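Coordinates in review
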Amino acid sequence: MDRPRLGTSGIPDIHNGAKGLRRRRAALAAGLAGILVGALAGPTSAVSSASETAGGPASVECPTTLTGKATCYTGQDSNGAYYAIAVPKDWNGSLVMHAHGGPDLGADSDPDRSIGDLERWSVMVDEGYAWAGSSYRRGGYGTRMAAADTENLRRLFVEEFDRPKRTFVHGQSWGGNVAAKVVETYGAKKHGPYDGALLTNGVLGGGSRGYDYRVDLRVVYQYYCQNHPRPTEPQYPLWEGLRATSTMTSAGLRARLEECTGFSSPAEERTALQQQNLDDILAVTGIPERTLESHLRFATFTFRDIVHTRLGGRNPFSNKGVRYSGSHDDKALNAGVERFSADPTAVRDLSYDSDLTGKVSIPVLTLHAIDDPTAFIEHEAAYRDSLRGAHRDKKLVQSFTRESEHSGLSNSEYANSISALSTWVRTGKKPTPKSLAASCGAFDKKYGTGCFYDAGFYPRSYATRVNPRPGGLHWPAMSAAQEKSWSRINGVGIAP
């Protein structure tokens, strides 16, 4: 291997491997003499002030999962977004940009978030890919903002470490929405900076439709429980999620859910009314019992963030004309549930920020647990139909597994997926559900976490899981022409 090539700043060209990386690390350490650099010990570690003030990535210890395998860096970009970077000692020359899920609701960028994600997806580094993940410049909703921060970090990586041979973007959960937005916004050109995308357990229905089942949960819950808000408390329309000035905590919400449904108690300890309330809420909304609390938290605290903090109090949600069914008395439910219509400008801004046009020009591979209790598998149908509507579905391969978790899938499958995507990009050989199922075993010999592909699975339409609103059967939710038109309106969307 050639000796590392140094630029005028003394930073090596890390295409030349681990020797150059060690020299870069030494150069960074010298430049940061006297400044305390925090160690990366795991998801709860803090990033020290060195990465905030050094003006570039600071060399740090890697998570224990990568000890001896990679060199790691942390920093904060010009917009205030914390980030983490890892480059394996046997780097294959390609980069994976990671978009995290959520959104987290803290006011500021969380320095721990990208660190935890690096440890969580260290499988990418084990497979030889450099990895970079942003914590985004602030908490709260903002898909385009998160996509911009992901792209900003990619550019920072190029400035500091030179241009990779190939660049992939990976997004999990809401990060799948962010990564898909990266593809459409920054990877649309023929020779754009991104070569392929991996979307895992992605929220791919977009914001204007992807949360309708949580809108339904919010109103159905209140119909049965009448404690969010209580009759004795200040009243507000349920599309707000929660009053802007409310001091309710997650623990307080959990207590109200328990009071109404006994959801966390053994069935034999619930009252008859609690059991009936729980049965009706689950049957009408289709939300799994094990994630009922997390969905209600989203429909409370994240809705408040979207409505009050991002949209200035305007309502982007509607349940007008929705017919609820599955309860012990559907007639009474539909007569008594709260109804509301959306503000068209709020719908526009949420749609522009988060909906997907389907206009992609690079290979996109998705991996999704069939029994994902948070981002329902029908999100994949929405994405499939969006790309079909844009006549770009030839760029898409979807794979499905018999798993039942949202926050993490098998490492063997992650490794298999990024390998198949890389091969597709390099050779033009498009994977299939069957070929993915067949190739996973080789990676499972290394990771031993299992391969659970179902090559014959095909998700039903989004409308079979979520009550469609007017116009909700047509995909994409936002066309490329509509996006272009809205982009000419001053202030459209959600501010970073």
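Keep in mind that this is a model prediction, so the values were computed, not measured.

**Considering the pattern of salt bridges**
Scanning the model with the defined rule gives 24 salt bridges in all. A salt bridge links R469 to D216; the shortest N-O distance between them is 2.7 Å. Remark: D216 occurs in helix α8 (residues 212-225) and R469 occurs in the loop between α16 (433-447) and α17 (480-487); sequence separation between them is 253 residues. Residue class for D216 comes out buried when judged on its relative accessible area of 4%.

**Considerations on the state of the cysteines**
Within the structure shown, the criterion is met by three disulfides. C62 shares a disulfide with C72; S-S distance 2.0 Å. For the disulfide bridge between C62 and C72, the dihedral angle about the S-S bond is near 105 degrees, and by the sign convention the bridge is right-handed. One end of the pair, C62, is in the loop between β1 (58-60) and β2 (70-76); the other, C72, is in strand β2, and ten residues separate them in sequence. Taken as a pair, C62 and C72 share a single burial class, namely buried.

**Considering the side chain of T300**
One can find T300 in helix α11 (residues 292-310). Reaching out from T300, the side chain makes a polar contact with the side chain of H228 at a distance of 2.9 Å. Sequence-distant contacts of T300, that is, excluding residues within four places in its chain, are made with R218, H228, E240, G241, L242 and L253.

**Here's the deal with the sheet that holds strand β9 (residues 396-401)**
Strand order across the open sheet formed by nine strands is β1-β2-β3-β5-β4-β6-β7-β8-β9, with mixed pairing between neighbours. Either end of the sheet is taken by a strand with one partner, and the two such strands are β1 and β9. Each strand axis lies, on average, 20 degrees off the axis of its neighbour in the sheet, ignoring direction. Note that strand β6 (residues 166-172) and strand β7 (residues 196-200) share five bridges and pair parallel. Note that in β7 the partner of Q172 across the bridge is T200. The strands that helix α14 (residues 378-389) touches are β7, β8 (364-369) and β9; relative to β9, the one it contacts most, it runs at about 170 degrees.

**A word on helix α9 (residues 250-261)**
Over its twelve residues, α9 extends 16 Å from the first C-alpha to the last, a length consistent with the 16 Å expected when each residue adds 1.5 Å. Of the residues making up α9, those classed as buried are L253, R256, L257, E258, C260 and T261. At its buried positions, α9 is contacted by α8, α10 (272-285) and α11. G262 occupies a position one or two residues after α9 and carries a positive phi of about 60 degrees.

**Some details on the pairing of β2**
Within β2, six of the seven residues are buried, which leaves it mostly tucked inside the rest of the structure. Sheet topology note: the β1/β2 ladder contains three bridges and is antiparallel. Counterpart to S59 in the pairing with β2 is Y73. For β2 and strand β3 (residues 82-88), the ladder comprises seven bridges, and the chain directions are antiparallel. Residue pairing across strands places C72 opposite A86, the latter belonging to β3. Hairpin geometry of β2 and β3 is characterised by an intervening segment of five residues between the two adjacent antiparallel strands and by a positive phi of about 95 degrees at G80.

**Re the packing of α8 against α11**
Two elements in contact, α8 and α11, have axes whose closest approach is 9 Å; the angle formed by their N-to-C orientations is 95 degrees. With respect to α11, the axis of α8 lies roughly perpendicular. Of α11, the residues touching α8 (which contributes Y213, R214, V215, L217, R218 and Y221) are L292, H295, L296, F298, A299, T300 and F303. Residues that form the contact of α8 with α11 fall into these classes: nine nonpolar, two polar and two charged.

**As for α16**
For α16, with 15 residues, the first-to-last C-alpha span of 21 Å sits near the 21 Å given by 1.5 Å per residue. By the largest-angle criterion, G441 marks the main kink of α16, which is about 35 degrees. Taken together, the buried positions of α16 are occupied by L436, C440, F443 and Y447. On its buried face, α16 is in contact with α4 (123-126), β8, β9 and α15 (411-427). The positive-phi residue at the C-terminal boundary of α16 is G448, with phi of around 65 degrees.

**Here's the deal with the packing of α8 against α10**
When two helices pack together, their arrangement is given by the angle between their axes and by how far apart the axes lie. At a closest axis distance of 10 Å, the pairing of α8 and α10 adopts a crossing angle of 155 degrees. One finds that α8 runs roughly antiparallel with respect to α10. Considering how the two elements wind past one another, α8 and α10 form a crossing that is right-handed. Counted together, D216, L217, V220, Y221, Y224 and C225 of α8 and N277, D280, I281, V284 and T285 of α10 form the full contact between these two elements. Broken down by class, the residue content of the contact of α8 with α10 amounts to seven nonpolar, two polar and two charged.

The rules behind the values
- Residues numbered from 1 in each chain as written.
- Predicted model: local features only at pLDDT ≥ 70, side-chain atom pairs only at ≥ 80, totals over all residues.
- Heavy atoms only, no water.
- Salt bridge = Lys/Arg side-chain N within 4 Å of Asp/Glu carboxyl O.
- Helix = DSSP H or I, 4+ residues; strand = E, 2+ residues; numbered from the N terminus.
- Buried < 20%, exposed > 50% of the residue type's maximum accessible area, 1.4 Å probe, protein only.
- Disulfide = S-S within 2.5 Å.
- Polar contact = N/O pair within 3.5 Å; in protein donor to acceptor, adjacent residues only side chain to side chain.
- Contact = heavy atoms within 4.5 Å.
- Pairing = 2+ DSSP bridges.
- Axes fitted to C-alpha atoms, helices over the stretch in contact; angles between N-to-C directions.
- Expected span 1.5 Å × (residues − 1).
- Parallel < 35°, antiparallel > 145°, perpendicular 65-115°, else oblique.
- Nonpolar A, V, L, I, M, F, W, Y, C, P; charged D, E, K, R; others polar.
- Bend = angle between axes of the 7 residues up to and from the residue.
- Left-handed = near helix turned anticlockwise from the far one by under 90°.

Everything listed here is a matter of geometry and, on its own, says nothing about what the molecule does.
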